[in-house]
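Architecture and fold: a report
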Amino acid sequence: MIPSTPIPAAVPAGQLAQSTQPVLALSNGLELRPWRPSDADVLVAASRDPGIRQWNLLLVETPEEACRRIERMHERWRAEASAIWAIARPGGEAVGLIGWGDIDLKGGSAEIVYWLLPSARGGGVVVPAVQRVSRWALNDLGLHRLRLCHSVDNPASCRVAVKAGYSLEGTMRGALLHADGWHDQHLHALVQGDI
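Presented here is a report on the structure given in the accompanying data block. None of these values were measured; they are calculated from a predicted model. (Residues numbered from 1 in each chain as written. Predicted model: local features only at pLDDT ≥ 70, side-chain atom pairs only at ≥ 80, totals over all residues. Heavy atoms only, no water.)

1. Some points on the sheet that holds strand 4 (residues 94–104)
A sheet is described by the order of its strands in space; here eight strands give the open sequence 1-2-3-4-5-6-8-7, paired in mixed fashion. Of all strands in the sheet, those with a lone pairing partner are strand 1 (24–25) and strand 7 (167–178), marking the two edges. With two bridges joining them, strand 1 and strand 2 (residues 31–33) adopt antiparallel strand pairing. When the sheet's bridge partners are listed, Ala25 is paired in strand 2 with Glu31. (Pairing = 2+ DSSP bridges. Helix = DSSP H or I, 4+ residues; strand = E, 2+ residues; numbered from the N terminus.)

2. A word on helix 3 (residues 63–78)
With 16 residues, helix 3 extends 23 Å between its outermost C-alpha atoms, agreeing within 8% with the 22 Å of an ideal straight helix rising 1.5 Å per residue. Listed in full, the buried residues belonging to helix 3 are Ala66, Ile70, Met73 and Trp77. Summarising the axial view, the buried residues of helix 3 lie within an arc of 45°, below the 170-degree limit, and thus occupy one face. Among the structural elements, helix 1 (40–48), strand 3 (83–88), strand 4 and helix 4 (126–141) are those in contact with the buried residues of helix 3. Following helix 3 by one or two positions, Glu80 has its phi on the positive side, about 60°. (Expected span 1.5 Å × (residues − 1). Buried < 20%, exposed > 50% of the residue type's maximum accessible area, 1.4 Å probe, protein only. Arc of directions from axis to C-beta. Contact = heavy atoms within 4.5 Å.)

3. A short note on the nonpolar core
With 38 residues, the main nonpolar core has Trp85, Ile98, Trp100 and Trp136 as its most contacted residues. Contributions of two or more residues to this core are made by strand 3, strand 4, strand 5 (109–116), helix 4, strand 6 (145–151) and helix 5 (155–163). For this core, the element with the highest residue contribution is helix 4, accounting for nine residues. The next biggest cluster of nonpolar side chains, apart from the first, holds 18 residues, and it includes Leu43, Ile70, Met73 and Trp115. (Core = buried A, V, L, I, M, F, W, Y, C linked by side-chain atoms within 4.5 Å.)

4. Some details on the side chain of Gln21
Mapped onto the elements of the fold, Gln21 is located in the segment before strand 1. Of the residues examined, Gln21 reaches a relative accessible area of 11% and is grouped as buried. Looking at Gln21, its side chain comes within polar contact range of the main-chain oxygen of Ile84, at 2.8 Å. Here Gln21 is in contact with Pro34, Trp77, Ala83, Ile84 and Trp85, once residues within four sequence places are set aside. (Polar contact = N/O pair within 3.5 Å; in protein donor to acceptor, adjacent residues only side chain to side chain.)

Next comes the structure, spelled out in C-alpha cells:
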C-alpha cells in the first residue's frame, strides 16, 4: 500500500532565502564570509591559476565577469540553490572559496566545492574550512547528507575528504568532464550523526 501522506521536505523552503548569509569563524584565525565585489580580482586570479583550473570549472576573464559571478552567488543564496563563502582573514582579501552547490532542501543534500589560491595552499586551511561548513550545513541548515566528489587523479582532495571525516563510498565512472577529458570521480559523503 502506498502511503497517502507526502514525504515532508528535509529542510523547509525559506531557510536560506529568509536569512542573511552568516560569517563563520575558523579556529586558525581565518573566517568564511560572503563574497564582495571588492573580491573580483581574486576570482580572476583564481581562474588563471593552473591548479584551480585543472580541477574546477572556473572561468572568469575580467573583473566585470567576476562581479557578475559574485552577484550570482548572492542570487543563488536567495534562490536556495547554493551557499558560497570566501575564505579570508578578518577584514582581508579572499584566499579561497568554499561552499555548497547543488543544494536540495527537500531531499536534504548538497555537494561541497572549494579551492585555494597558491599563497594559502599547504597551510592547513582547507580541512578546518570543510569541517566548519559541514557543521553549518548539517547542524544549522539541517541537511542530512553532504557529498564531496573529486577526480580520482586529485589525491590532495582525497586527503582533505578523509581528514574532514567524509567516508569514501565509491567511484563514479566518467562522472565529470575536465579540459583533458572525462574523469572518474571518488564519491565521499558525510551524513547526520557522523560528526
